[in-house]
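The lines below spell out each chain.
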Amino acid sequence: MSKNLKEYENLLTDMNFMRVHNSFLINLQEVKKFVKSEGGYIVMNNDKQVSISNSKRDDFMKRMGI
């Protein structure tokens, strides 16, 4: 990549993307479910699991209406 993840985060925030972890920028429309146990993680529509940081959890839950 020629840009760092922060630059992509800034470009895509208005397009329903969110940075949920230092290493993950996700499309919120592709979220299948949020699992609160085991520290919490997100399951995407392709069944991949994505970690969510403690500092991003509240914002994620608000944006997803949980």
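Residues numbered from 1 in each chain as written. Predicted model: local features only at pLDDT ≥ 70, side-chain atom pairs only at ≥ 80, totals over all residues. Heavy atoms only, no water.

Sorry if this is basic, but what is going on with unusual backbone geometry here?
Most of the time, phi is negative for any residue but glycine, and the peptide bond is trans. The backbone of Asn16 shows a phi angle near 70°, a positive value even though the residue is not glycine. Counting through the fold element by element, Asn16 comes out in the loop between helix H1 (5-12) and strand E1 (17-21). The backbone phi angle of Asp47 is positive, close to 70°, even though this residue is not glycine. Along the chain, the position of Asp47 falls in the loop between strand E4 (41-44) and strand E5 (49-51). (Helix = DSSP H or I, 4+ residues; strand = E, 2+ residues; numbered from the N terminus.)

Can you help me understand the packing of aromatic side chains in this one?
Each aromatic ring pair is specified by the distance between its two centres and by the angle formed by the two planes. Evaluated as defined, the whole model comprises 1 aromatic pair. Ring geometry for Phe34 against Phe60: centres 5.5 Å apart, planes inclined by 55°, an arrangement best described as tilted. Here the residue Phe34 occupies a position in strand E3 (residues 31-35), and Phe60 occupies one in helix H2 (residues 54-64), the gap between them amounting to 26 residues. Judged on exposure class, the residue Phe34 and its partner Phe60 are both buried. (Phe/Tyr/Trp six-rings, centres within 6.5 Å; stacked < 30°, edge-to-face > 60°. Buried < 20%, exposed > 50% of the residue type's maximum accessible area, 1.4 Å probe, protein only.)

Mind showing me how you'd approach the sheet that holds E3 here?
Backbone-to-backbone hydrogen bonds pair the strands of a sheet. The strands run either parallel or antiparallel. One open sheet accounts for 3 strands, arranged E3-E4-E5; its pairing is antiparallel. Only two strands of the sheet have a single partner each, and these edge strands are E3 and E5. On average, each strand axis in the sheet is tilted by 25° relative to the strand beside it, whichever way the strands run. Direction of pairing for E4 relative to E5: antiparallel, over a ladder of 3 bridges. The partner of Ile42 across the bridge, within E5, is Val50. Helix-sheet contacts for H2 involve E3 and E4, and the interaxial angle to E3 is about 135°. (Pairing = 2+ DSSP bridges. Axes fitted to C-alpha atoms, helices over the stretch in contact; angles between N-to-C directions. Contact = heavy atoms within 4.5 Å.)

How do you make sense of the environment of Ser55 when you look at a structure like this?
For Ser55, the location among the structural elements is in helix H2. Since its relative accessible area comes to 66%, Ser55 is described here as exposed. As a C-alpha pair, Ser55 and Val20 span 35 residues in sequence and 8.7 Å in three-dimensional space.

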